[in-house]
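These are the residues of each chain, in order.
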Amino acid sequence: MTIVFFALSGLDVLDALDAVDKPSLVEWIYSLQVVPTEDESNLWRCGFRGSSHIGVPYNTSTGPGSPHPYDSGHVAMTYTGLACLIILGDDLSRVNKKACLAGLKSLQLEDGSFYAVPEGSENDMRFVYCAACVCYMLDDWSGIDCKKAVDYIRRSMSYDSGIGQGAGLESHGGSTFCAIATLCLMGKLEEMFSERELNRIRRWCILRQQDGFHGRPNKPVDTCYSFWVGATLELLDVFQYTNFEKNRNYILSTQDSLVGGFAKWPDSHPDPLHTYFGICGLSLMGEAGLRRVHPALNVSDRALQCLQQLHQTWREGCT
């Protein structure tokens, strides 16, 4: 599911979605939705899975079924699955919102972080961000204890004013993005950090630029951080103070001239993740021919507008 997201959202930013078989992809995504049984005994396991690898039959029905005993959603796949549906122009009418939110709620720990799956997994800032994206897209924050999540973010700020994957952990460009983007989606950024603290976060992020960006001090530059750090700086209103020319030149230096795509480093093999985030990094700088990427939700502004229209329709239907 995540690789499909990189491909679809990348094509959207490139304004090339017309090459996609949208109806078939929508059906495939819905086939990966874990839906409740008649007695809802598996409600806490619902969401979207990443693939059909555990042998669940292909089925796009949202009605009751006989679930595999180890079948469950994954918080990152629920985020990317919903994002893909929005990118493809789906109205989310077949998404079982109650089940997705119940599954999401069951993944939150007492410290405010989230597991990826019900059986337990790593729990860190990545999945806090994915959970916030799910709630934002479904226009319903009942799947998160926001206070606990915000407190987790607060405790994860390090001595150098970057943000780690959890309390006491090293500051990292990826987790700093996840934290700042989560607070922006919640509308709690200024409430959570003082202006002095925000300025220190800004400084930490700006110092991540060499030519492109790296995620931690003394680490090599990596294409994907042109988005992770660049988007954070955009959300903090200071991205314009970075060196666009050096950043652009670095991203383009990782492109494979034979097969296309971007790698993390020059003279390395391209892959879907770095290709997508390379495109997003260029989009943030206003590269000609690319759609603008929304820096918090990580989809194109076109897809975000479709989502906002859906939200308006849902709210009007409730009045």
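Residues numbered from 1 in each chain as written. Predicted model: local features only at pLDDT ≥ 70, side-chain atom pairs only at ≥ 80, totals over all residues. Heavy atoms only, no water.

Novice: Describe helix 5 (residues 125-138), with residues and values.
Specialist: Look at helix 5: 20 Å from first C-alpha to last across 14 residues, which is about the 20 Å you get at 1.5 Å a residue. With respect to burial, helix 5 is a largely interior element, 13 of its 14 residues being buried. Within two residues after helix 5, aspartate 139 carries a phi angle of roughly 55 degrees, on the positive side. (Helix = DSSP H or I, 4+ residues; strand = E, 2+ residues; numbered from the N terminus. Expected span 1.5 Å × (residues − 1). Buried < 20%, exposed > 50% of the residue type's maximum accessible area, 1.4 Å probe, protein only.)

Novice: I'd love a proper account of the nonpolar core, names of residues and values included.
Specialist: One finds Ile144 and Phe193 to be the most contacted residues of the largest nonpolar core, which totals 97 residues. Residue contributions to this core peak at 13 residues, all from helix 5. (Core = buried A, V, L, I, M, F, W, Y, C linked by side-chain atoms within 4.5 Å.)

Novice: Describe the side chain of aspartate 90, with residues and values.
Specialist: Along the chain, the position of aspartate 90 falls in the loop between helix 3 (75-87) and helix 4 (97-105). No salt bridge is formed by the buried aspartate 90. Its closest oppositely charged neighbour is arginine 94, at 4.9 Å. For aspartate 90, the side chain forms a polar contact with the main-chain nitrogen of leucine 92, separated by 2.8 Å. Not counting chain neighbours up to four residues away, the residues in contact with aspartate 90 comprise Val26, Tyr30, Leu85 and Leu310. (Lys, Arg positive; Asp, Glu negative; His and termini not counted. Salt bridge = Lys/Arg side-chain N within 4 Å of Asp/Glu carboxyl O. Polar contact = N/O pair within 3.5 Å; in protein donor to acceptor, adjacent residues only side chain to side chain. Contact = heavy atoms within 4.5 Å.)

Novice: Pulling in residues and values, what's your account of the environment of leucine 183?
Specialist: Here leucine 183 is to be found in helix 7 (residues 173-186). For the pair leucine 183 and histidine 294, spaced 111 residues apart in sequence, the C-alpha to C-alpha distance is 15 Å. Contacts of leucine 183, omitting those with residues within four sequence positions, involve Val150, Ile153, Lys188, Leu189, Met192 and Phe193.

Novice: With reference to specific residues and values, describe the packing of aromatic side chains.
Specialist: A complete count under the given rule lists 14 aromatic pairs for this structure. Taking the centre distance of 5.4 Å and the plane angle of 70 degrees together, the rings of phenylalanine 5 and tyrosine 276 count as edge-to-face. On the criterion of sequence distance, the pair formed by phenylalanine 5 in helix 1 (residues 2-13) and tyrosine 276 in helix 12 (residues 272-284) is long-range, its members being 271 residues apart. As far as burial versus exposure is concerned, phenylalanine 5 and tyrosine 276 are alike and both buried. Measuring from centroid to centroid gives 5.7 Å for phenylalanine 6 and phenylalanine 277, while their planes differ by 70 degrees, and the two rings are edge-to-face. You can see phenylalanine 6 sitting in helix 1 and its partner phenylalanine 277 sitting in helix 12, a full 271 residues away along the chain. Relative accessible area serves as the criterion here: at 2%, phenylalanine 277 is assigned to the buried category. Chaining the aromatic ring pairs together yields one cluster made of Phe5, Phe6, Tyr79, Tyr129, Phe177, Phe227, Trp228, Tyr276 and Phe277. Positioned above the aromatic ring of tryptophan 44 is the side chain of arginine 45, whose terminal nitrogen or guanidinium carbon lies 5.1 Å from the ring centre. (Phe/Tyr/Trp six-rings, centres within 6.5 Å; stacked < 30°, edge-to-face > 60°. Lys NZ or Arg CZ within 6 Å of the ring centre and 35° of its normal.)

Novice: I'd love a proper account of the UniProt feature "signal peptide" (unreviewed entry) in the protein chain, names of residues and values included.
Specialist: Feature annotation in UniProt assigns "signal peptide" (unreviewed entry) to the following positions: residues 1-16. Helix makes up 75% of residues 1-16 and strand 0%, whereas the separation of the span's terminal C-alpha atoms amounts to 19 Å. (UniProt positions renumbered as here; feature names shortened; annotations may be inferred.)

Novice: Residues and numbers for the side chain of histidine 294, please.
Specialist: Its place among the elements puts histidine 294 in the loop between helix 12 and helix 13 (301-317). Judged by its relative accessible area of 18%, histidine 294 falls in the buried class. Only 3.1 Å separates the side chain of histidine 294 from the backbone nitrogen of leucine 297, close enough to count as a polar contact. Ignoring anything within four residues of it in the chain, the contact list for histidine 294 reads Val299, Ser300, Asp301 and Leu304.

Novice: Could you give me a rundown of the environment of serine 31, with the residues and numbers involved?
Specialist: Following the sequence through the fold, serine 31 ends up in helix 2 (residues 22-31). Between the C-alpha atoms of serine 31 and leucine 282, which are 251 residues apart in sequence, the distance is 33 Å. In this view, serine 31 contacts Arg49, Tyr58, Asn59 and Thr60; residues no more than four positions away in its chain are not counted. Within the structure, serine 31 has its side chain in polar contact with the backbone oxygen of tryptophan 28 (distance 2.5 Å).

Novice: Explain the environment of glycine 278 to me, and be specific about the residues and the numbers.
Specialist: Among the secondary structure elements, glycine 278 is positioned in helix 12. Taking the C-alpha atoms as reference points, glycine 278 and tyrosine 225, separated by 53 residues in sequence, lie 8.6 Å from one another. Not counting residues within four places of it along the chain, the set of residues in contact with glycine 278 comprises Thr223, Ile251 and Phe262.

Novice: Tell me about unusual backbone geometry, and please be specific about residues and values.
Specialist: Positive phi values are uncommon outside glycine, yet aspartate 15 reaches one of about 60 degrees. Tracing the chain through its elements places aspartate 15 in the loop between helix 1 and helix 2.

Novice: A description of the pattern of salt bridges should follow, citing residues and the corresponding values.
Specialist: This structure, assessed with the given rule, holds 18 salt bridges. In this structure, arginine 291 engages aspartate 12 in a salt bridge whose closest nitrogen and oxygen atoms are separated by 3.3 Å. Separated by 279 residues along the polypeptide, arginine 291 in the loop between helix 12 and helix 13 and aspartate 12 in helix 1 bring together distant segments of the chain. Across the pair aspartate 151 and lysine 147 runs a salt bridge whose closest N-O atoms are separated by 2.9 Å. Here lysine 147 and aspartate 151 lie together in helix 6 (residues 146-155), a separation of four residues that amounts to about one turn. We classify aspartate 151 as partly exposed; its relative accessible area is 28%.

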